[in-house]
Amino acid sequence: MAVSGLLMLGYLVAHVMGNLKVFFGPREFNEYGHWLRTMGAPVLHEEWALWIVRLVLLATVAAHAVSAYQLSRRDIKARPVAYAHKRRRASYATRTMRWGGVIIALFIVWHILDLTTLTVNENAQPGHPYENVVATFSTWYGNVVYITAMLAVGLHVRHGFWSAAQTLGAGSASRDRALKAVASGLALVLTAGFIAVPVAVMTGVVS
Amino acid sequence: MKLKLRVWRQRDAAATGEMAAYEVDGVSEDMSFLEMLDTLNEELLLRGEDPIAFDHDCREGICGACGLVINGDAHGPERTTACQLHMRSFRDGDTIDVEPWRAAAFPVIKDLVVDRSAFDRIIQAGGYVSAPTGAAPEAHATPVPKPDADFAFEHAECIGCGACVAACPNGSAMLFTSAKVNHLNVLPQGVPERETRVLDMVATMDAEGFGGCTLAGECATACPKGIPLPSIAAMNKEWLRANRKVKR
């Protein structure tokens, strides 16, 4: 969970930085989109680097999902009889890790259909990511799906980053506050950075 | 004080239990929670009913025998053991739910008594040091740096009551095992078994059917001895180190 999670977190940081290029206008954003395809050239053939990234991500998502399934099965089995006196256990971010993860997984499917394969995109112009992004965030459902998923990402990262540090043995009493601050900071920056794009489209800053 | 209790009653390990309602009158706020149960049990005996079985021994908060989930909290609302919890933490007319520790690795024997020998088997797997017998060694023969001694002592405080498992949403025993591993692994006396200790104790913990850790932090909140949550990270560090050192 920890290693695959941190790999995906690293990808998200790169992803949000790429997204924010939308604020520099269609030319720069579309050029960036094109660069992603020619990344690694001329050593690598066109789209090879992109496909390597995609395959690594697919493997990490699969590893993360399989370990989450195994961990959840084990945890449910470890308490066969529930307490009669119910009360909430752990923080909101912690309690929503499982369902939050499912929401994010479903969102990834939607996100690929929307902006990679363009299957459900209103504009669906290959090679024009800027226009496609504007088209998506001009629909109410595009915004709702995206913003909900990004809030889930923020909560997931908040508990996930700190937990990964504990799993890998990096946590200690003296480092605990710093780790929690980094986890909250990352969650906030990622969520705000991702949500900035639909908000900008809705308010007409990006059109 | 007059209280309403809902207590888990289960005749034996094979029986299916249920929450049973009782009323207790004449409860003093200076009574401990166990003394309140004693009062109820005396009444039950006078009525010819089976008294409620619960574990207890020292009643001083140091043995780890008592363990009740009171209103959903392991050891109740105060950060102490159930025997050191006083009735002043409750109000007249309150309804209090009393349940046993709930975990697959802690099967109920009767009423509120659970079998915690899974903890004993974790200890048997590595919670010891191999010390030569004979006269006590000279006290200064093995110097221990003060920070290490403090770290060891903090974890040695664990009384093995099982509140961490009871409070954990996953029924995980990570806090207990980490307390025992950290206590011995940091000391020079524990060095000979440093790697096998953490590997064997964690393997036994997993085999006993405890859940996996999701760092929810409920264990450290419930722990009457204040074993801190970063103990788990410290054990993970030891476990990763041991896996690098030991080729199995």
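What you see is a predicted model, and the numbers here were worked out from it, not measured in a lab. (Residues numbered from 1 in each chain as written. Chains lettered and ligands numbered in written order. Predicted model: local features only at pLDDT ≥ 70, side-chain atom pairs only at ≥ 80, totals over all residues. Heavy atoms only, no water.)

**Notes on the packing of helix α1 (residues 2-19) of chain A against helix α8 (residues 176-203) of chain A**
Residues and elements named next belong to chain A. Interhelical geometry of α1 versus α8 gives an angle of 35 degrees and a closest axis separation of 9 Å. Where α1 crosses over α8, the two elements pack in a sense that is left-handed. Touching L9, L12, V13, H15, V16 and N19 of α1 are L186, L190, G193, F194 and V197, all from α8. (Axes fitted to C-alpha atoms, helices over the stretch in contact; angles between N-to-C directions. Helix = DSSP H or I, 4+ residues; strand = E, 2+ residues; numbered from the N terminus. Left-handed = near helix turned anticlockwise from the far one by under 90°. Contact = heavy atoms within 4.5 Å.)

**Some points on a nonpolar patch on the surface**
Residue and element names in this part refer to chain A. On the surface, V3, L6, L7 and L168 cluster together to form a nonpolar patch covering roughly 320 Å² of accessible area. For L7, the location among the structural elements is in helix α1. Here L7 falls in the partly exposed class, since its relative accessible area comes to 47%. (Patch = residues over 30% accessible without salt bridge, like charges linked within 9 Å, V, L, I, M, F, W, Y side chains within 5 Å. Areas by Shrake-Rupley, 256 points an atom, 1.4 Å probe, with all protein chains shown as cover. Salt bridge = Lys/Arg side-chain N within 4 Å of Asp/Glu carboxyl O. Buried < 20%, exposed > 50% of the residue type's maximum accessible area, 1.4 Å probe, protein only.)

**Some points on the environment of A:A49**
Residues and elements named next belong to chain A. The residue A49 is located in helix α3 (residues 48-77) in this model. Judged by relative accessible area, A49 falls into the buried class, the value being 12%. Residues contacting A49, with those up to four places away along its chain left out, are M39 and L44.

**Quick word on the side chain of A:N121**
Residue and element names in this part refer to chain A. Residue placement: N121 occurs in the loop between α5 (97-115) and α6 (129-136). A relative accessible area of 8% places N121 in the buried class. In this structure the side chain of N121 is engaged in a polar contact, spanning 2.8 Å, whose partner is the backbone nitrogen of N123. With residues up to four places along the chain from it excluded, the contact list for N121 reads L113, D114, L115, N132, A135 and T136. (Polar contact = N/O pair within 3.5 Å; in protein donor to acceptor, adjacent residues only side chain to side chain.)

**Describing the interface of chain B and chain A**
The figure often quoted for interface size is the accessible area lost as the parts come together. The interface is formed by 35 residues belonging to chain B together with 27 residues belonging to chain A. Taken together, the two surfaces of chain B and chain A that pack against each other cover about 2500 Å², and 52% of this comes from carbon and sulfur. The largest share of the area that chain B buries against chain A comes from B:R102, B:L215 and B:P230, three residues that together contribute 21% of it. Counting every contact that joins chain B to chain A gives three salt bridges. In this structure, A:R87 engages B:D73 in a salt bridge whose closest nitrogen and oxygen atoms are separated by 2.6 Å. (Buried area = accessible area lost by both parts, 1.4 Å probe.)

**Section: the packing of aromatic side chains**
Evaluated as defined, the whole model comprises eleven aromatic pairs over all chains. Each ring, one from A:Y32 and one from A:W35, has its centre 6.2 Å from the other, and the planes form 25 degrees; the classification is stacked. In this pair, A:Y32 and A:W35 are both assigned in helix α2 (residues 26-38), three residues apart and thus about one turn of the helix distant. Relative to B:F210, the ring of B:F119 has its centre 5.9 Å away and its plane inclined at 40 degrees; by these criteria the two rings are tilted. Here B:F119 is found in helix α2 (residues 117-124), whereas its partner B:F210 is found in the loop between α6 (194-207) and α7 (218-222), with 91 residues between them in sequence. Three or more aromatic residues link up through ring pairs in this structure, and these residues are B:F106, B:F119, B:F176 and B:F210. Positioned above the aromatic ring of A:W51, the side-chain terminus of A:R54 is 4.7 Å from the ring centre. (Phe/Tyr/Trp six-rings, centres within 6.5 Å; stacked < 30°, edge-to-face > 60°. Lys NZ or Arg CZ within 6 Å of the ring centre and 35° of its normal.)

**Some remarks on the domain arrangement of chain B**
Residues and elements named next belong to chain B. We note that the domain assignment places domain 1 (3-109) and domain 2 (117-245) within chain B. If you average the C-alpha positions of domain 1 and of domain 2, the two centres end up 29 Å apart. The interface of domain 1 with domain 2 comprises 16 residues on the first partner and 20 residues on the second. Both faces considered, domain 1 and domain 2 share a buried interface measuring about 1200 Å² in area, 62% of it formed by carbon and sulfur atoms. Considering only the surface of domain 1 that becomes buried against domain 2, R79, A105 and F106 emerge as the three largest contributors, covering 41% of it. (Domains from an automatic or database assignment.)

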